[in-house]
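What the coordinates show
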Amino acid sequence: LASSGWTKVTEIYANDTKASNLAVFWKAMGPTPDTGVDVNYLTGGNAGAHIAWAHLLRNVDNTTPILNFETATKTNGVLITPPSITTTKNNTWTSHVMFMAHDEGGGARIYTNTGAFFRPSFSNGQSAGTNDGAMAIGYVKDIPGGTTISPPQMEVVEAFVDNTAYSAASIALEINPR
C-alpha cells in the first residue's frame, strides 16, 4: 500500500497456477475519511488481476481496531469456506473478506448462500481475461463475547466453472467498537 498511515493486519497467500494474495490494512481517520488510497501492491508481479476494496467502519476503537483474526486458504479450486472466528469481548463485530483468483474473464462474482450474512457486495478485477479475481466482504454486528461466527461456503455465480488451477484466500476479523 503506497498511501501513508496504514497498518497491515496480515497477508496470506494461496500458491496455485492462479495464486491468491490477500492483505488487510487499517487506518484511523478523522471526521472526514481519506478520499483516495494509492494501491501499489504487486508482490506476485504485474500479470494478475488486482482488487482493492476500502471498507469504512465508523465508531471503531482508534487504538486497537482489530482484536483477533483468523485466516484460510484453498488451492485446487475456489469454493472456500471462510474461517470461523470466536469473539473475545461483548458487542464486537466480525468482518469476513474472501478473494479468489481465476481466469474466467469478467463474469465471475462471489457470494454466500445466506443474504443475511454477506451483503450483496461484489467486486471483480480483470487483466486481459486470463488473470482475474473476485472479492466479497460481509459482516455481523453486536455479537456477545465468546460467540463463534461460522460463515457459509463461498459460492460463485454467472457461468463459472471451478478449476484445480484456481485458488482462494479468506480472512475473518473481530472489529473492536468504541
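This structure is a prediction, so every number in the text was calculated from the model and none was measured.

**What about unusual backbone geometry?**
At N91, a residue that is not glycine, the phi angle is positive and equals roughly 65°. Note that N91 resides in the loop between β4 (85-86) and β5 (92-102). N91 sits in the partly exposed class, given a relative accessible area of 46%. Residue D142 is not a glycine yet carries a positive backbone phi of 55°. Topologically, D142 is positioned in strand β8 (residues 132-143).

**Observations concerning the pairing of β5**
Most of β5 is tucked away, with eleven of its eleven residues classed as buried. Burial along β5 is two-sided: the residues T92, T94, H96, M98, M100 and H102 and W93, S95, V97, F99 and A101 are all buried. Note that β5 and β8 share ten bridges and pair antiparallel. Residue pairing for β8: F99 is matched across the bridge by M135.

**Notes on the pairing of strand β1 (residues 7-14)**
Taken together, the seven bridges between β1 and strand β2 (residues 20-26) define a ladder with antiparallel strand orientation. Its bridge partner lying in β2, E11 is registered against A23. Hairpin geometry of β1 and β2 is characterised by an intervening segment of five residues between the two adjacent antiparallel strands.

**Description of the nonpolar core**
Core analysis: the biggest nonpolar cluster contains 16 residues, and L22, I171, L173 and I175 have the highest contact counts within it. Breaking this core down by element, the ones donating at least two residues are β1, β2, β5, β8 and β11 (167-175). Here I171 is in contact with T10, I12, L22, V24, E70, T71, P83, S95, H96 and V97, once residues within four sequence places are set aside.

Thresholds, definitions, all that
- Residues numbered from 1 in each chain as written.
- Predicted model: local features only at pLDDT ≥ 70, side-chain atom pairs only at ≥ 80, totals over all residues.
- Heavy atoms only, no water.
- Helix = DSSP H or I, 4+ residues; strand = E, 2+ residues; numbered from the N terminus.
- Buried < 20%, exposed > 50% of the residue type's maximum accessible area, 1.4 Å probe, protein only.
- Pairing = 2+ DSSP bridges.
- Core = buried A, V, L, I, M, F, W, Y, C linked by side-chain atoms within 4.5 Å.
- Contact = heavy atoms within 4.5 Å.

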